[in-house]
Amino acid sequence: MRGKWRFNTRVLTWSGDLDIVVEKKHNLKSSLVGLWQRHTWLIIGLFGVVLTFIGGAGLRTTTIPWLLSADAPFHLDYAWQVYKGVLPAAMGGIQAPVAALPNHPVHLAAQHPPLYYAILAPLAGPFMDNGDWPMATALGRLLSMGLGLLSALALAWVAWIVGGKYRRILAIAAPAIAITFVPFAGVAAAVYNDTLVVFTSTVALGLAALIIYRGPRPSYVGVLTVVLLLGMASKVSFVSAFFVAVLSLIGAFVLHGKDTFSKNTGKGIGCGALVSLVVIGGIGWFYYLHNFQASGSLISAQPSSLPPMREYRPFLQVIISQKLWELVPFGLFRRSFHEIGGYTLNQWISISVFVLGMLGSIAWFVKEKAWHIFHKTRRLHLLVATMFTAHFGIVFAQQMVYATGYGSINFRYILPAWFLMGLVLAFGVSVWQFLRGFGAVLVAIAGWVAVINSTVFALSSRTNLPTEHGWVPLLQSGAEQNGFAPVIVPILLLAIVLGLTLIAIALWYATSPRNIKAEASSKRLPDRKGST
């Protein structure tokens, strides 16, 4: 046993490995106590966010029939084929020995990179082998919920990085609002790889913002490279976050470099190129060998000779489509029952949240004297805001490209940008001190009403479950059909209520004048000269 003798005037003692272990445990306990004391209300608020997400996403997970999600069986089969050591072929269809899965000649998920399915394979594969596809689906949904929860915590971290004196407020309010967007809650309760793309996109842009604020430190660049590789190994639509992150990395070299502009730019381009080469070397094989050689396209595995499954849309028809331009303001909560003036209740909630959040952010921007944003001490904030705006624009442009030809206009294509928009909308309804955080709470309540409404709408319109007894019995019937006890529905609803209560309490304290003043005077992320 290693150690050493210690002598004082009273006693000779032995300090060995046991003392080191005790000291480490004491330090860990002290750190946790200190963390709780410094961030009590932030921790309580985030716990509320976790509770509401488990309640809301869990409600969809347990009540929506296993095979109701459109492409979920193909994603489940992809995981099974990876479990068997192969990648699915586009023209192979579903290969899993499960009669309940649809028989389709084309594998609708074959073009996706394999990361999500490699994670799901050891969970779902054994059950698929035994024909227990409901359990495999349940585990797939549980995985998506886990990734959705990680996305919420990642957004809280991004809000902390960019929030300045409002960072405690936004770290609670942003994920509390974003997780209620029905498209996000929907894919977080289904076997889809979109939650992994949302998570990696959120982390990538958070790291890019951190690099802009603190400079391109090797550790930050290394972690960013890994995240970009994971993102491109998740879905091709991640390329928007990849492109913006690399450009932000180059910008950080220019802002924080100590050489001339041209030398700093050259270093940034060199670093960006190196990061890109690592990512291409890590996952480029899939896009070339699996997609391009089969179809002549990096983003599709289906041969070009295959007859199209959708109606052809020229680009002009796409950009003038009402459905495209309604995606964002009216699509945050999708459709539901109770049509009012040509739009459903969920769509009215969506446009209300969007307008209030955007107007609130613009009003605060004007109130803070917008022209001051161009002062040199605030140029880093301006660059970060430009980065997020560019990401949203590129993602929306991707949607237009995907829809042109034989593609479709689909809420899932812009989901990563939607989720990050929760930060802007939360800012617009949270930073007004007289509201004491209840603006964000009201938006979160409206969001969960929309999620429940959307779930009831899906069960009512796409199943044969009885609807005459009300929405709670309908949800219980859905849960019972999936093999869950009906009591799980009120438990999950209670989790939403408890979570919203904790969020309201936490935001009330976080928005107190004393706490905002203390946050404004605390040390925040430095600029390149070390000032705050």
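Cut-offs and rules
- All residue numbers here refer to positions counted from 1 along the written sequence of the relevant chain.
- Given that the model is predicted, a residue must reach a pLDDT of at least 70 before its local features are reported, and side-chain atom pairs must reach 80 or more before they are shown or counted; all residues, however, enter totals for whole chains, interfaces and linings.
- Hydrogens and water are ignored here; the side-chain numbers use all heavy atoms of the structure.
- Helix and strand labels come from DSSP, where a helix needs a run of H or I of at least four residues and a strand needs a run of E of at least two; each type is numbered from the N terminus.
- To sort residues, take the accessible area from a 1.4 Å probe on protein chains only and compare it with the maximum for the residue type: under 20% means buried, over 50% means exposed, and anything in between is partly exposed.
- In this analysis, two residues are considered to be in contact whenever any of their non-hydrogen atoms come within 4.5 Å of each other.
- One speaks of a salt bridge when a side-chain nitrogen belonging to Lys or Arg is within 4 Å of a carboxyl oxygen belonging to Asp or Glu.
- A helix's residues, less one, multiplied by 1.5 Å, set its expected span.
- Bend is computed residue by residue as the angle between axes fitted to the seven residues ending at the residue and the seven residues starting at it.
- Helix axes are fitted to C-alpha atoms over the stretch in contact, other axes to C-alpha atoms as well, and angles between N-to-C directions run from 0 to 180 degrees.
- Comment on the angle field: the value is read as roughly parallel under 35 degrees, roughly antiparallel over 145, roughly perpendicular from 65 to 115, and oblique elsewhere.
- Left-handed describes a crossing whose near helix is turned anticlockwise from the far helix by less than a right angle; the clockwise case is right-handed.
- Any Phe, Tyr or Trp ring, taking Trp's six-membered ring, that has another such ring centre within 6.5 Å forms a pair; planes under 30 degrees apart are called stacked, those over 60 apart edge-to-face, and the others tilted.
- A ring is considered to have a charge above it if a Lys NZ or an Arg CZ atom is located within 6 Å of its centre and within 35 degrees of its normal.
- Take the buried Ala, Val, Leu, Ile, Met, Phe, Trp, Tyr and Cys residues and link them wherever side-chain atoms come within 4.5 Å; each set so joined is a nonpolar core.
- Scored from 0 to 100, pLDDT records how confident the predictor is in each individual residue.

### Points about the overall build of the chain
Line of reasoning, step 1. The secondary structure content of the chain amounts to 20 helices and four strands.
Line of reasoning, step 2. A buried classification covers 52% of the 532 residues belonging to the chain.
Line of reasoning, step 3. Sequence separation of at least 24 residues holds for 72% of the intrachain contacts in the chain that already meet a minimum separation of 6.

### Here's the deal with the environment of A510
Line of reasoning, step 1. Looking at the element boundaries, A510 is found in helix α19 (residues 488–510).
Line of reasoning, step 2. On the accessibility criterion, A510 (11% relative accessible area) is buried.

### Description of the pattern of salt bridges
Any two side chains of opposite charge can pair, on the condition that their charged atoms come close.
Line of reasoning, step 1. Tallying each qualifying case throughout the model produces five salt bridges.
Line of reasoning, step 2. Across the salt bridge formed by D71 and R412, the nearest N and O atoms sit 4.0 Å from each other. Linking D71 in the loop between α2 (40–63) and α3 (72–83) with R412 in the loop between α15 (379–403) and α16 (415–430), this pair joins segments that are 341 residues apart in sequence.
Line of reasoning, step 3. Its salt-bridge partner being D259, residue K267 comes within 2.5 Å of it at the nearest N-O pair.
Line of reasoning, step 4. Judged by relative accessible area, K267 falls into the partly exposed class, the value being 44%.
Line of reasoning, step 5. Judged by relative accessible area, which is 38%, D259 ranks as partly exposed.

### Observations regarding helix α11 (residues 261–295)
Line of reasoning, step 1. For α11, with 35 residues, the first-to-last C-alpha span of 43 Å runs short of the 51 Å given by 1.5 Å per residue.
Line of reasoning, step 2. Most pronounced at I283, the bend in α11 amounts to some 55 degrees.
Line of reasoning, step 3. G296 sits one or two positions beyond α11 and adopts a positive phi of about 80 degrees.

### As for the packing of helix α6 (residues 167–178) against α16
Line of reasoning, step 1. Their axes nearest at 8 Å, the elements α6 and α16 cross at an angle of 120 degrees. Compared by their axis directions, α6 and α16 come out oblique. For the pair α6 and α16, the crossing hand works out as right-handed. Packed against α6, whose contacting residues are I169, L170, A173, A174, I177 and A178, the element α16 presents F419, G422, L423, A426, F427, V429 and S430 at the interface.

### Quick word on the side chain of H75
Line of reasoning, step 1. Tracing the backbone shows H75 in helix α3.
Line of reasoning, step 2. Look at H75 and you get buried, because its relative accessible area is 1%.
Line of reasoning, step 3. Beyond its immediate stretch of four places on either side in the chain, H75 contacts A109, H112, Y117, V191, Y192, N193 and R412.

### Observations regarding the packing of aromatic side chains
Line of reasoning, step 1. Counted by the stated rule, this structure contains 19 aromatic pairs.
Line of reasoning, step 2. Geometrically, the ring pair formed by Y166 and W364 is edge-to-face, given 6.1 Å between the ring centres and 80 degrees between the ring planes. In this pair, Y166 is assigned in the loop between α5 (133–162) and α6 and W364 in helix α14 (residues 345–367), connecting sequence segments 198 residues apart.
Line of reasoning, step 3. Classification of W364 as buried rests on a relative accessible area of 19%.
Line of reasoning, step 4. Put simply, the rings of F53, F184 and F419 touch in pairs and so form one group of aromatic residues.
Line of reasoning, step 5. Positioned over the ring face of W508 is R436, at 3.8 Å from the centre of the ring.

### Thoughts on the packing of helix α9 (residues 218–232) against helix α10 (residues 239–256)
Line of reasoning, step 1. At their nearest, the axes of α9 and α10 sit 9 Å apart, and the two run at 160 degrees to each other. The angle between α9 and α10 falls in the class roughly antiparallel. Crossing hand, α9 versus α10: left-handed. Between α9 and α10, the contacting residues are V221, L224, L228 and M232 on the first element and V239, F242, A245, V246 and L249 on the second.

### Focus: the nonpolar core
Line of reasoning, step 1. Ranked by size, the top nonpolar core spans 154 residues in total, and within it M128, L228 and M387 carry the most contacts.
Line of reasoning, step 2. Setting aside chain neighbours within four positions, we find M128 in contact with L76, W80, A96, P97, V98, L101, W133 and A136.

### A short note on α6
Line of reasoning, step 1. Here α6 spans 16 Å end to end across twelve residues, near enough to the 16 Å set by a 1.5 Å rise per residue.
Line of reasoning, step 2. In terms of burial, α6 is a largely internal element, eleven of the twelve residues being buried.
Line of reasoning, step 3. The complete set of buried residues in α6 reads R167, I169, L170, A171, I172, A173, A174, P175, A176, I177 and A178.

### A few points about the confidence of the model for the chain
Line of reasoning, step 1. Per-residue confidence for the chain averages 86 on the pLDDT scale, and 86% of its residues sit at or above 70.
Line of reasoning, step 2. Mean pLDDT across the secondary structure elements of the chain bottoms out at strand β1 (residues 3–7), with 48, and peaks at α9, with 97.
Line of reasoning, step 3. In this model residues 7–15 is a low-confidence stretch, pLDDT under 50, and it forms 17 contacts with partners more than four residues away in sequence or in other chains.
Line of reasoning, step 4. Counted against residues more than four places away or in other chains, residues 526–532, with its pLDDT under 50, gives 17 contacts.

### A look at the environment of A504
Line of reasoning, step 1. Of note, A504 is situated in helix α19.
Line of reasoning, step 2. Not counting chain neighbours up to four residues away, the residues in contact with A504 comprise F438 and V441.

### As for the environment of G360
Line of reasoning, step 1. Residue position: G360 is located in helix α14.
Line of reasoning, step 2. Separated by 66 residues in sequence, G360 and A426 have C-alpha atoms that sit 9.2 Å apart.
Line of reasoning, step 3. If sequence neighbours within four positions are ignored, G360 has contacts with G428 and W432.

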